Structure formats: structure tokens, C-alpha cells
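Spelled out, the chains give:
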Amino acid sequence: MRSIPTDFDPATVAAIDARLGAIVQDDRVSMPLAIESGSRAWGFASPDSDYDCRFLFVRRRRDYLSLWPRRDVIETPLDGLLDVNGWDVAKALRLIVKGNAVAIEWLRSPIVYRRDPAFRDALLAFADAHAPLPLVRRHYLHLGLQQWKRASDGDGIAIKRLFYILRPAAVLRWMRYHPTATPPMHFPTLIAECEPPAEVRTIIADLIARKAETRELGLAPMPAEIEAFVEAEYAIAEAEPKGLVDARSQAAADSTFHEMLERFAPP
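Since we're looking at a predicted model, the values are computed, not measured. (Residues numbered from 1 in each chain as written. Predicted model: local features only at pLDDT ≥ 70, side-chain atom pairs only at ≥ 80, totals over all residues. Heavy atoms only, no water.)

**Student:** It is not clear to me how the environment of A131 should be interpreted in this structure. Could you clarify?
**Tutor:** With respect to the secondary-structure elements, A131 resides in the loop between α6 (117–130) and α7 (133–151). What makes A131 buried here is its relative accessible area of 7%. C-alpha separation for the pair A131 and P196, spaced 65 residues apart in sequence, amounts to 25 Å. In this structure, A131 is in contact with I96, I104, F126, V136 and T182, ignoring residues within four places of it in sequence. (Helix = DSSP H or I, 4+ residues; strand = E, 2+ residues; numbered from the N terminus. Buried < 20%, exposed > 50% of the residue type's maximum accessible area, 1.4 Å probe, protein only. Contact = heavy atoms within 4.5 Å.)

Okay, here's the thing in C-alpha cells:
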């Protein structure tokens, strides 16, 4: 299954397809999921945004039994606007159990280069059942705080970075409104479903529209309404319990991993 926006550059998509095909052949893996991550999938791309292709792969059974196991990531060189790398499904499962939301976002990406529905559905079901939501919230809190520290400067804040501060805050608010679910990846969907103040919604819509048309937005003062929104969401999240990894979820991850090997490992 495949879902690629019509405004994606055909030559770049062909280059991504070629690189994915070479990985499958050269590394002798199956690749049941390959998606777009980053600003294009989040819904606030600029005309010159990178193409951030991410994938999950499954190695041959014998590779997992080796005394010298292979890396759980496959990375390819950065090439202009093209950034392609991926994780072993085992790594994805381990991180989901620890509350790292990256793999969960990949499973929910609206932009898909390759997808086996059975693979995606099985991992999504696992994440919905076993991702520790307090730790997922902690993941987004730390992500947002890191971006906050990196983004500011004496003359203002980089508008590009402002989105990296806003998105975690929107996720944290969304998760307060939907306390038993993992969040969507698409930023405009997060904003629509987390009901921010009207002035915040208006400013965000304007920023997205400007970013879609401008290659470089430079620096600008932090809008007071955005600053208040972000600080409030981060403060609420910081006051919440951190959460723990559940041993039962680790056992379920083992079981899911063996299921993935049975169904998707190459010969």
C-alpha cells in the first residue's frame, strides 16, 4: 500500500524507491513499512524541506542468532534533500515499551512509500495496548524542553524551531483530552483535536501558511500567546508522575517480535 502526495517531486520519490530497494537487496532484509517523517508528514513543510524517509525492517532469523549480531539500524548517506534510514523491528518494539514515541509516529504517518497492512496493524495494536502513556508524555515533554533551549537566541526565535516547540505542547494537550490513546502524527490534526485557545489556533494557522510558501522564515519574537500556551502545557506535564516500564509489556514485546519473525523475516 502506498500514499504519496501529488506535490512530491517525482524524481525524489523515484530516488527514495531506488534506495529502499537497494537496502532490501544488499542487507537481505524485508521492509514491511517505509514512510515519510519530519515536517512533510507533520504537516508544516517548507518548499525546501528535506525528504525524511524512515523504515522498519526485519532481518533473517539466522541473523538474530549470530554470535556477532548486526546493527539494529540501517543508515544511508545524506544526499541533498534526501535522508533515508530505518530501525530493526526489535529496536522499535523495545523503544515503544519504554515510551519512546518515534516508532509510534512512524506507524501513524499519513505518507507511505511501502506498507504491509498486517505488519502496521499488528504493531499499532501492540503500541495501543502496551505503550506506557505517562512515559510517552514524558518523551514529548523532554523533546519540547530540548527544542526550547536550542531554539531561542538574543534576537528572537527561529520560526522553524518554533514548530518543534509547539508540536510537543500540542501532543501533551491532546493526550490530556484523550488520556487512553496514542496521539496522531499530523500537527494540524493535533491542533484541531486538542482545542487550543482561539488566538493560538489563529497564530498557528498563519505560521503554517507562511512556512508553506517561504524557504526561510528567519527569526521573530516569540508570540506571547504561543509562549503562554507552551509553558502551561509543559508545566502540567512536568507535574505528572513519570510512569514505569511494565514487565508484562516486555513479555508482550517478545511475543510480538517472534510473530514478526514468523510472518515477515526473509528466507
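Let's pick the thread back up.
**Student:** What's the story with helix α8 (residues 159–177) in this structure? I'm lost.
**Tutor:** One full turn of an α-helix is made of 3.6 residues, so residues set three or four places apart face in the same direction. The first and last C-alpha atoms of α8 sit 27 Å apart over 19 residues, in line with the 27 Å expected at 1.5 Å per residue. With 15 of 19 residues buried, α8 is to be regarded as a mostly interior element. (Expected span 1.5 Å × (residues − 1).)

**Student:** I tried to follow the environment of E105 on my own but got confused; where do I start?
**Tutor:** Mapped onto the secondary structure, E105 falls in helix α5 (residues 102–107). For E105, a relative accessible area of 8% corresponds to the buried category. In sequence terms E105 and R201 are 96 residues apart; their C-alpha atoms lie 23 Å from each other. Sequence-distant contacts of E105, defined by excluding residues within four places in its chain, comprise W42, Y140, R167 and M185.

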